[in-house]
Amino acid sequence: MQVRWALAHHGIEYLYREYVPMLGEPWLRAVGGRGAAQSVPLLIAKDITVGDSWAIARWADRVGSGATLFPQHAMSDIE
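Going along each chain's sequence as written, the residues are numbered from 1 onward. pLDDT decides what is reported in this predicted model: residues at 70 or higher carry local features, side-chain atom pairs at 80 or more are listed and counted, and totals for whole chains, interfaces and linings draw on all residues regardless. For side-chain calculations, the full set of non-hydrogen atoms in the structure is used, while hydrogens and water are omitted.

As a further point, take the packing of aromatic side chains. Any two rings among Phe, Tyr and Trp, with Trp reduced to its six-membered ring, count as a pair given centres within 6.5 Å; such a pair is stacked if its planes are under 30 degrees apart, edge-to-face if over 60, and tilted if neither. As enumerated under the stated definition, the model contains one aromatic pair in all. Judged by centre distance (5.0 Å) and plane angle (75°), the ring pair of W54 and F70 falls under edge-to-face. You can see W54 sitting in helix α3 (residues 53-63) and its partner F70 sitting in the loop between α3 and α4 (75-78), a full 16 residues away along the chain. The ring of Y16 carries R4 above its face, with NZ or CZ at 4.4 Å from the centroid. Two conditions define a charge sitting above a ring: the NZ of Lys or the CZ of Arg must be within 6 Å of the ring centre, and it must be within 35 degrees of the ring normal. Between the NZ or CZ atom of R17 and the centre of the ring of W27, over which it lies, the distance is 4.1 Å. Numbered from the N terminus, helices here are DSSP runs of H or I no shorter than four residues, and strands are runs of E no shorter than two.

To find leftover empty space, one rolls a probe the size of a water molecule over the atoms. The volume enclosed by the largest pocket comes to roughly 730 Å³. Throughout, the protein atoms alone are placed on a 1 Å grid, and a set of points is a cavity if a 1.4 Å probe fits but cannot get out or a pocket if it is open with protein on both sides within 12 Å along at least five of seven lines; lining residues have an atom within 4 Å of a point. Along the walls of the largest pocket sit 27 residues, with L15, Y16, R17, P41 and L42 positioned nearest its centre. Counting residues per element, the ones that place at least two in the lining of the largest pocket are α1 (2-9), α2 (25-32), β1 (43-45) and α3. With four residues, the single largest contributor to the lining of the largest pocket is α1. Grid points are joined across faces, edges and corners, and a volume is the space filled by probe spheres set on the points.

Worth remembering: the numbers are spatial, not functional.
This is how it looks when you write it as structure tokens:
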């Protein structure tokens, strides 16, 4: 939920796909890439795969529009 909120906040369009344990595992392994953690949430964009809520929100902050969710002066508190 937090990932979708971060993407929406930055105006990044996305396609949501529900993950079903066991049934979705082959798909997750195929798109997750070699060496990537096999977990959800998983963001797949052009030439990047990001597999962590925190990392996805940080990615959205870098590439999206709108106010930052992670102001530099508050990073120690946020982390």
